[in-house]
Number of protein chains: 2
Amino acid sequence: MIKIVLFGTGNVATHLFEAFNRSTQAQVIQVYNHRADSLLSFQSKVATTTSLSNLKKADLYLLAIKDTKIESTVEKLHKNQTLIAHTSGSLPLLSRAYRNGVFYPLQTFSRDKEITFSKVPICIEASTEEDQELLLQVGKAISKKIYRFSSEQRKYLHLAAVFASNFTNELYRIAEKICLKKGLPFEILYPLILETAQKIEHHSPRAVQTGPAIRGDQKTIDLQLQEINSPELQEIYTLITTLIQNDHESEL
Amino acid sequence: MIKIVLFGTGNVATHLFEAFNRSTQAQVIQVYNHRADSLLSFQSKVATTTSLSNLKKADLYLLAIKDTKIESTVEKLHKNQTLIAHTSGSLPLLSRAYRNGVFYPLQTFSRDKEITFSKVPICIEASTEEDQELLLQVGKAISKKIYRFSSEQRKYLHLAAVFASNFTNELYRIAEKICLKKGLPFEILYPLILETAQKIEHHSPRAVQTGPAIRGDQKTIDLQLQEINSPELQEIYTLITTLIQNDHESEL
């Protein structure tokens, strides 16, 4: 059984903790957080600590903490024989001076929303083959999809994820806002949103674009721009409409 | 059995045709298109015509044609006792001078991608209660979700749909482009894209936003802006990031 000390108590840490709890190959033996109150919900399930000098002996220190806190936390750790890995998509390998790696689960984690972890792609990287192998085993303990990517590749994967998930979610929010403002039930858009997402599993998004922009329906575009009051939303509408049209034009 | 003459042979028309084909309450008895070649794939299944003077007697003329062609097509029709309805999200009721209505299926239809029509919301509108009732029956023949909305409401629903579907799909395309450029498999993003879409069925998009923008992680935001070469994409990145941050700030 691979032993893990998990750093952090946020969304990523909580979902990882639950995934490892269901695993028979890897186990979280301790959760660290600098704030005691954040550890409360973990205390009945696992050993916890607020002190970096009380860390248990483990095979892996897994840092599921804010990007901005990773460097300062690692500085305070004893660089002993334990592999130290962070879960950030955008940060590179920390150093080649000691055993360290990356264990990046490519998913959007929210409190109160369960995740089927076996389908979550996990991107691993380490300085040595031995540590790659250890992270591979840790990954396999909770997921069926493990990928080896370099820091450079992972950086762009994270950028793509921001567009595909965070920015997409913001478009959902804009749609929700439009609905609420006009007294329309937002749930009427669920089948559309789900179909748009499911479509790309078998079709390139380029091939399945629909709507006024791709049809070149300038009359509807002009009307919709008039319906939008906010200058920022008008700007986004115009920008994305132009992108849809230019991209497809350049393909002709 | 309600008898329908279907106008159009595009994505919406084709999916509607197939849905009515499976129905026992409504039937497409003829498909009209001004171009003969577009009718080829329908000829083995149903009567077709390229002439507006050869239209069969029906309960409903259903115009699943381009927004820009609707008015000119309707002008050429005899305004007899047949209800005339279009499938456009953005166009209002055509006139109150004759029997007409709207039958707008709120979904994104692509060739070669099957649709479970029973879950597609259909928004209906008509000048009279009698015609509302007829469109309700036509809707019920293929879907379980029929909504009555005014032209004004439907206009904004369509606007919301453009953000939630067409613009979202364009973000998927940008993500795909980033992946292709860096030799990364786009399919690694599928679980993330699907989870982002599924999440909002039970949570408001506002409540489940994740990523650098909502975390206020300016370091990652600056790095990602450097990774993007295209000025248009930088502009979109900055605009949506600012929207995410401002929207949530103004809620505090």
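Residues numbered from 1 in each chain as written. Chains lettered and ligands numbered in written order. Predicted model: local features only at pLDDT ≥ 70, side-chain atom pairs only at ≥ 80, totals over all residues. Heavy atoms only, no water.

### A word on the interface of chain B and chain A
So, point 1. Taken together, the contact pairs 89 residues of chain B with 88 residues of chain A.
So, point 2. Buried surface at the junction of chain B and chain A, summed over both partners, amounts to about 9,200 Å²; 69% is from carbon and sulfur atoms.
So, point 3. At the junction of chain B with chain A, the criterion picks out 2 salt bridges.
So, point 4. A salt bridge links E195 of chain A to K113 of chain B, with the shortest nitrogen-to-oxygen separation between them at 3.4 Å.
So, point 5. Here chain B is connected to chain A by 26 residue pairs in polar contact (both at pLDDT 80 or more).
So, point 6. Within the residue set of the side of chain B that touches chain A, elements represented by two or more residues are α2 (67–76), α4 (151–181), α5 (190–199), α6 (212–215), α7 (218–227) and α8 (231–249) of chain B.
So, point 7. Considering each element in turn, the side of chain B that touches chain A owes the most residues, 27 residues, to α4 of chain B. (Contact = heavy atoms within 4.5 Å. Buried area = accessible area lost by both parts, 1.4 Å probe. Salt bridge = Lys/Arg side-chain N within 4 Å of Asp/Glu carboxyl O. Polar contact = N/O pair within 3.5 Å; in protein donor to acceptor, adjacent residues only side chain to side chain. Helix = DSSP H or I, 4+ residues; strand = E, 2+ residues; numbered from the N terminus.)

### A look at the pattern of salt bridges
Residue and element names in this part refer to chain A.
So, point 1. By the definition in use, this model includes 16 salt bridges over all chains.
So, point 2. R148 is the partner of E129 in a salt bridge, and the nearest nitrogen-oxygen pair spans 3.5 Å. Here E129, found in helix α3 (residues 129–140), pairs with R148, found in strand β8 (residues 146–148); they are 19 residues apart in sequence, far enough to count as distant.
So, point 3. For E129, a relative accessible area of 57% puts it in the exposed group.
So, point 4. Note on R148: relative accessible area 40%, which makes it partly exposed. (Buried < 20%, exposed > 50% of the residue type's maximum accessible area, 1.4 Å probe, protein only.)

### Overview of helix α1 (residues 11–21) of chain B
So, point 1. Residues of α1 of chain B that are buried: A13, H15, L16, F17, A19 and F20 of chain B.
So, point 2. Lining the buried residues of α1 of chain B we find β1 (2–7), β2 (26–32), β4 (60–63), β6 (100–105) and α3 (129–140) of chain B.

### Notes on the relation of the copies chain B and chain A
The relation between the two chain copies is a rotation about an axis coupled with a shift along that axis.
So, point 1. After a rotation of 180° and a shift along the axis of 0.0 Å, chain B superposes on chain A with an RMSD of 0.0 Å. A rotation of that kind, with that shift, is consistent with a two-fold axis. Judged by C-alpha distance, T168 of chain B is the residue of chain B that lies nearest the rotation axis, at 2.7 Å.
So, point 2. The fraction of interface residues of chain B whose copies in chain A are also interface residues reaches 99%, indicating that both copies meet through the same surface. (Least-squares fit on C-alpha atoms with pLDDT ≥ 70 in both.)

### Concerning the packing of helix α5 (residues 190–199) of chain A against α5 of chain B
Helix-helix packing: each pair is described by the crossing angle between the helix axes and the interaxial distance.
So, point 1. In contact at an axis separation of 9 Å, α5 of chain A and α5 of chain B are set at 175° when each is read in the N-to-C sense. Between α5 of chain A and α5 of chain B, the interaxial angle falls into the category roughly antiparallel. On α5 of chain B, the residues that touch I193, L194, A197 and Q198 of chain A of α5 of chain A are I193, L194, A197 and Q198 of chain B.
So, point 2. For the contact of α5 of chain A with α5 of chain B, a count of residues per class yields 6 nonpolar, 2 polar and no charged. (Axes fitted to C-alpha atoms, helices over the stretch in contact; angles between N-to-C directions. Parallel < 35°, antiparallel > 145°, perpendicular 65-115°, else oblique. Nonpolar A, V, L, I, M, F, W, Y, C, P; charged D, E, K, R; others polar.)

### Brief notes about the side chain of Q30 of chain A
All names here are of chain A.
So, point 1. Mapped onto the secondary structure, Q30 falls in strand β2 (residues 26–32).
So, point 2. A relative accessible area of 3% places Q30 in the buried class.
So, point 3. At a separation of 3.2 Å, a polar atom in the side chain of Q30 contacts the main-chain carbonyl oxygen of N54.
So, point 4. With residues near it in sequence (within four places) discarded, Q30 still touches I4, V5, L6, V46, A47, T48, T49, N54, L55 and K56.

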